[in-house]
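Here's the letter readout for the chains.
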Amino acid sequence: MWIVCYRIPDFGLACERKRRPELQGQPFAIVGADDTVLTASPEATEHGVRSGMAAAAARLFCEALTIAPYDLPAYNEMAEAIWNRIVLDSSFVEPLSPEECLAVFSGPGIMDRLHESVADIRRIADATVHTGMAKSRFTARIAALRDPGNSPVVVRAGSETDFLKTCSIEAVTDHPIARKSGGRGSAEPYGHQGHSGGRGSAEPPLRAYLDSADIERLNRLGIHTLGDVLAIDETDLHRQFREKGFQLRRLAQGLDRNPVRALWPPTVAEHRLRNEEGIENEAMLDSALRICAERISADLQRLGRQCRRITLTLILENGAKHSETEQLRKPADQADSLLQAARRLYRRYMDAALSGGRGSAEPHAQEAPDHATQRNKVAGHAAEPVPDNGTMSPVGNSFNPLVEIALRASDIGLSDSIQPVLIDDNEYLRGLPHERKERLDTAIQLVKERFGADRIAPASNQRFGSRPFRLWTYPLTRRLNEAIEVVTDQQGNPVRYGRSGTWREVRLIQNRWSEAEWRMGKLEERMVFRIEEISAGLVEMQRHGDRWRLTAVAD
């Protein structure tokens, strides 16, 4: 397993050129929130404009300089095309910023795949790509910094110490090297607008970084590079810096405990609306649900993905909250489908609340009419009528209204894709490694040629938590290879088949797909049908040309 770091320091410049074609050939710079130059175009650097320079000083060097603010949401959106390309080669993609991304590479042909991905990203970004590959994320990031932009820098296993010995201590300042406190969790995601943190991220842990005081202390000890860290006695380093010293020494050896996290593509899309004065009536509630559904639908369709689970969260003014979740019957990305699911979740909650199912456990739930009347009398308010069962009237009351709703779509995956792992997921076809690789490569090549490379989904898209999310097509237990007669309809689907002199009627075609493999030096393609008989039996049959064969049945 290798970790690859892609760096595009001029990505912001490329984005601005695409948004504003008039900047082509003109000196311009991108500045941060503190009005400091983050990056400058080649035309600006010719006049002496440099990164880290104040914008006012940069204008003194170049009077025609155009200043553009750093637009993180826009750059993140433009960087999605790059992250989607990396996903084709890796199931673990962690965007750190629009300019930098980490990925895990494994399997055969890593170098060929790496060079192909760099060429594609260079074409997509229209900018120079600096790439590094190593066994740890820290070493890979340093390698990317040393890539001049013409060829990836690869740090071979075992050579990390020699490679990092000239690395300055300042390069470690943005890398977490120790925990400030106990507790577990994943660090904060890259901050893409509109999505929450990847796979159910918990609270971000507190991590310790080398600060300016640490750098000054290290310099007083004569430590300026990672090579100097290994030269000093380990006991002295630990006595001076404790856990930081231990982790600093491990980084100097090329050891890194921080894995690459699967943060792209996102598996959660969420939108929330809040009204401090309260959501008072049915029209306001339905309008809020519709807006949330439309925003989530726009995000899903822009990413080319669908969700399989919807969660509605209601929050009252006193902070009490309640959530309802529904597993969708089929993946959805349309606003109408998401809105209908949200309405069902609200009605489900209201039915339970009005029947008293939520009254004792939830402080914000509606109680039965007599309980609500008594509560309002005690509070000094006139009794409010309780809505009928099944209505869309908001939960809460005049002194504790519903103020916020959140709609969350999860279990997100590509809307139309094939997972390479599933193509080779048949224990009955296992053979020698080179035979399995040949079958898998053939199937993937067929999918790419017929449907496009973007229809290959990484394993991360098919996972939920720690359990693999597999297709609803399970291998049948009894394998056969028997010639049969089949009668088909006009679309070529089987309607009945004959076996051992007996004809059986097809009640339902559960699934159909195409398979391919090399036979006798040529590519052979066949259609596979999973069908249910009238007698409720389940069988699998294949068609190759005009020939049909029964390949599996359920015991």
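Right above here is the structure, for reference.
Here the residue numbers are simple positions, counted from 1 along each chain's written sequence. Where local features are concerned, this predicted model is filtered to residues with pLDDT of at least 70; where side-chain atom pairs are given and counted, the filter is 80 or more; whole-chain, interface and lining totals use all residues. Side-chain numbers come from the whole structure's heavy atoms, not from hydrogens or water.

Novice: Mind showing me how you'd approach the overall build of the chain here?
Specialist: The secondary structure listing takes helices from DSSP runs of H or I that are at least 4 residues long and strands from runs of E that are at least 2 residues long, numbered from the N terminus. From N to C terminus, the chain includes 16 helices and 24 strands. Exposed residues in this analysis have more than 50% of their type's maximum accessible area, buried residues have under 20%, and partly exposed residues fall in between, with area computed by a 1.4 Å probe over protein chains only. Here the chain holds 555 residues, and 46% of them are scored as buried. Contacts were defined at the residue level, with two residues in contact if any of their heavy atoms lie within 4.5 Å. Nonlocal contacts in the chain, meaning residues at least 24 apart in sequence, comprise 62% of its contacts between residues at least 6 apart.

Novice: Just to check I follow, could you spell out the nonpolar core for this structure?
Specialist: Soluble, globular proteins show a tendency: their nonpolar side chains are buried together. Within the largest apolar cluster, 32 residues are counted, with the highest numbers of intra-cluster contacts made by Tyr6, Ile8, Phe11, Ile82 and Ile86. Take the buried Ala, Val, Leu, Ile, Met, Phe, Trp, Tyr and Cys residues and link them wherever side-chain atoms come within 4.5 Å; each set so joined is a nonpolar core. Counting 31 residues, the second largest nonpolar core, distinct from the first, contains Leu300, Ala341, Ala342 and Leu345.

Novice: Explain the sheet that holds strand E3 (residues 37–40) to me, please; I cannot follow it from the model alone.
Specialist: The strands making up a sheet associate through hydrogen bonds between their backbones, and the pairing can be parallel or antiparallel. By definition, two strands form a pair when at least two bridges between them are found by DSSP. Strand order in the open sheet formed by three strands is E3-E2-E4, and the pairing between neighbours is mixed. Every other strand in the sheet has two partners, leaving E3 and strand E4 (66–69) as the edge strands with one partner each. Across the sheet, the mean angle from the axis of one strand to that of its neighbour is 30°, orientation sign disregarded. Here strand E2 (residues 28–31) pairs with E4 via four bridges, running parallel. Residue pairing for E4: Ile30 is matched across the bridge by Ala68. What counts as an axis is a line fitted to C-alpha atoms, over the stretch in contact for a helix, and the angles between N-to-C directions run from 0 to 180 degrees. Across the sheet, helix H1 (residues 11–19) lies against E2, E3 and E4, angled at about 115° from E2, the strand it touches most.

Novice: Any chance you could explain the environment of Arg19 here in plain terms?
Specialist: Secondary-structure assignment places Arg19 in helix H1. Put simply, Arg19 and Ala74 are 55 residues apart on the chain and 9.8 Å apart in space, counted from C-alpha to C-alpha. Once residues within four sequence positions are removed from consideration, Arg19 is found in contact with Asp71, Ala74, Tyr75 and Met78. Residues adjacent in sequence count toward polar contacts only when both atoms are side-chain atoms; beyond that, a polar contact is any pair of N or O atoms within 3.5 Å, and within protein one must be able to donate a hydrogen and the other to accept it. One polar contact links Arg19 to Glu16, side chain to side chain, over a distance of 2.8 Å. Here Asp71 takes part through its side chain, which lies 3.1 Å from a polar atom of the side chain of Arg19.

Novice: Whenever I open this one, the pattern of salt bridges confuses me. Can you help?
Specialist: Two side chains carrying opposite charge are able to pair once their charged atoms lie near each other. A side-chain nitrogen of Lys or Arg and a carboxyl oxygen of Asp or Glu constitute a salt bridge if their distance falls within 4 Å. Tallied over the full model, the rule gives 29 salt bridges. Residue Arg261 pairs with Glu94 through a salt bridge whose shortest N-O separation is 2.5 Å. With Arg261 in the loop between helix H11 (243–252) and strand E11 (268–274) and Glu94 in strand E5 (residues 93–97), the pair connects residues that are 167 residues apart, well separated along the chain. Just as Arg261 is buried, Glu94 falls in that class too. Between Glu404 and Arg274 there is a salt bridge, and its shortest N-O distance comes to 2.6 Å. Remark: Arg274 occurs in strand E11 and Glu404 occurs in strand E15 (residues 400–410); sequence separation between them is 130 residues. With a relative accessible area of 9%, Glu404 lands in the buried category.

Novice: Is there a simple way to think about the pairing of E3 in this case?
Specialist: Here is the key point about a regular strand: its side chains alternate between the two faces of the sheet. Pairing between E2 and E3: three bridges, direction antiparallel. If you follow Ile30 over to E3, its bridge partner there is Thr39. Between E2 and E3, which follow one another and run antiparallel, lie five residues, and Asp35 among them has a positive phi close to 65°.

Novice: Please clarify how the packing of helix H12 (residues 282–303) against helix H13 (residues 335–354) should be interpreted in this entry.
Specialist: A pair of packed helices is characterised by two quantities: the angle between their axes and the separation of those axes. Axis separation between H12 and H13 bottoms out at 8 Å; the angle between their running directions is 135°. When the axes of H12 and H13 are compared, the pair comes out oblique. In this structure, H12 crosses over H13, and the sense of that crossing is right-handed. When H12 is examined against H13, the residues Leu285, Asp286, Leu289, Arg290, Ala293, Glu294, Ile296, Ser297 and Leu300 are found in contact with a partner set consisting of Ala335, Leu338, Leu339, Ala342, Arg343 and Tyr346. Here the contact of H12 with H13 is built from residues that sort into 10 nonpolar, one polar and four charged. Any angle that is under 35 degrees is reported as roughly parallel, and any over 145 degrees as roughly antiparallel; angles of 65 to 115 degrees are reported as roughly perpendicular and all others as oblique. Should the near helix be turned anticlockwise from the far one by less than a right angle, the crossing is left-handed, and should it be turned clockwise, the crossing is right-handed. Each residue gets one of three labels, nonpolar for Ala, Val, Leu, Ile, Met, Phe, Trp, Tyr, Cys and Pro, charged for Asp, Glu, Lys and Arg, and polar for the others, Gly among them.

Novice: Mind showing me how you'd approach the packing of aromatic side chains here?
Specialist: The relative placement of two aromatic rings is captured by the distance of their centres and the angle of their planes. Each Phe, Tyr or Trp ring (for Trp, its six-membered ring) is paired with any other whose centre lies within 6.5 Å, and the angle between the two planes then decides the class: stacked below 30 degrees, edge-to-face above 60, tilted in between. Within the structure shown, the criterion is met by three aromatic pairs. Centroid distance Tyr70 to Tyr75: 5.0 Å. Interplanar angle 85°. Geometry classified as edge-to-face. For Tyr70, a relative accessible area of 30% corresponds to the partly exposed category. Each ring, one from Trp83 and one from Trp264, has its centre 5.1 Å from the other, and the planes form 65°; the classification is edge-to-face. Here Trp83 is found in helix H4 (residues 72–87), whereas its partner Trp264 is found in the loop between H11 and E11, with 181 residues between them in sequence. Residues Trp83 and Trp264 agree in their burial class; the two are buried. A cation over an aromatic ring shows up here: Lys135 above the ring of Trp2, its NZ or CZ 4.3 Å from the ring centre. Here, a charge over a ring means that NZ of Lys or CZ of Arg falls within 6 Å of the ring centre while also lying within 35 degrees of the ring normal.

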